Amino acid sequence: MKSREAVVGDSSFYIAFLSEDEIHDEGFLASLLKRYNFFMGGKVVYNEISRKNSESLKRIKLENLVELVDEYDYSALLSIIGDKVFEKGEYESVAIAYTKYIEGSLHSLIMDDRKARKWVEQNFSELKRFLRYSLRFLVNAYKVDRKITKDEVLHILSKVIASIEKGGRPFNLGKTGITLVEQLRKEVEQSGEN
C-alpha cells in the first residue's frame with residue numbers, strides 16, 4: 001500500500017493564501033505545498049485560481065509544487081451526478097480525490113464549502129474520513145503530521161483573524177468564523193512542543 005500523502009484541495013484553499021484580501025502569504029503556501037504531494041485539477045481548479053492570481057502562481061512556480069491532473073474533465077464526470085449543486089472545481093477535486101483513494105494514497109480532501117462537503121458525505125461516504133476544512137488541515141499538519149511548526153500555524157491563524165476583521169473571507173469564513181479560529185489557536189497553543 002502506498003503512503004497516504006496525496007492532498008487534494010479546491011480552489012478556495014489556494015486562493016486564501018494568494019489573495020491580497022485574505023491571508024496573502026505566498027511563501028507559506030509554497031512551503032506547505034512542498035511538504036505534501038498536492039494534486040490539483042488542471043482544467044477547473046487551476047483556472048479558478050489563476051483568474052485573479054496568475055502573477056502569484058508564476059512567482060511561486062506552482063506548476064513545480066503540485067501535480068496538475070488534467071487528463072480527464074473530472075468536473076464533467078461528477079457534475080451530472082450532483083446536478084450542479086456547487087461549483088465545478090469541487091467536482092473536479094472530489095473526482096481526483098476519489099482516484100487517489102482508490103490508489104490508496106489519499107491523505108486529505110480539503111473543502112470548505114458546506115454544500116460540497118455534504119454532497120461528498122452523501123455520495124462518497126468512503127471519502128468522509130479524508131474530508132478536512134482548510135483550518136483543520138493546517139492544525140493537523142502541525143499536531144498530527146508534524147509537517148509545519150507551531151509558530152507557522154499560529155502565524156497563519158492570526159492572519160486569518162486579521163483578514164476576517166478587515167472584511168476578507170479566507171476559507172469562506174465570515175465574522176462568526178473568528179470564534180472557530182480562536183478555538184483552533186487555543187488548541188495549538190495548548191499543545192506541546194514547537
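In case you missed it, the structure is sitting above this.
Residues numbered from 1 in each chain as written. Predicted model: local features only at pLDDT ≥ 70, side-chain atom pairs only at ≥ 80, totals over all residues. Heavy atoms only, no water.

**Comments concerning helix H8 (residues 150–165)**
Inference 1: For H8, with 16 residues, the first-to-last C-alpha span of 23 Å sits near the 22 Å given by 1.5 Å per residue.
Inference 2: Packed against the buried residues of H8 are helix H1 (11–18), helix H2 (26–35), helix H7 (134–143) and helix H9 (177–190).
Inference 3: Positive backbone phi, at 100°, marks Gly167, one or two positions downstream of H8. (Helix = DSSP H or I, 4+ residues; strand = E, 2+ residues; numbered from the N terminus. Expected span 1.5 Å × (residues − 1). Contact = heavy atoms within 4.5 Å.)

**Looking at the pattern of salt bridges**
Any two side chains of opposite charge can pair if their charged atoms end up close together.
Inference 1: Taken as a whole and judged by the stated rule, the model has nine salt bridges.
Inference 2: The closest approach of N and O atoms between Glu26 and Arg59, which form a salt bridge, is 2.7 Å. Of this pair, Glu26 sits in helix H2 while Arg59 sits in helix H3 (residues 45–60), placing them 33 residues apart in sequence.
Inference 3: One salt bridge connects Arg185 with Glu182, and the closest N-O pair in it is separated by 2.9 Å. Of this pair, Arg185 and Glu182 are both found in helix H9, three residues apart, which corresponds to roughly one turn of the helix.
Inference 4: Assessed through its relative accessible area of 35%, Glu182 is described here as partly exposed.
Inference 5: What you see here is one network of salt bridges that share partners, running through Arg136, Lys143 and Glu187. (Salt bridge = Lys/Arg side-chain N within 4 Å of Asp/Glu carboxyl O. Buried < 20%, exposed > 50% of the residue type's maximum accessible area, 1.4 Å probe, protein only.)

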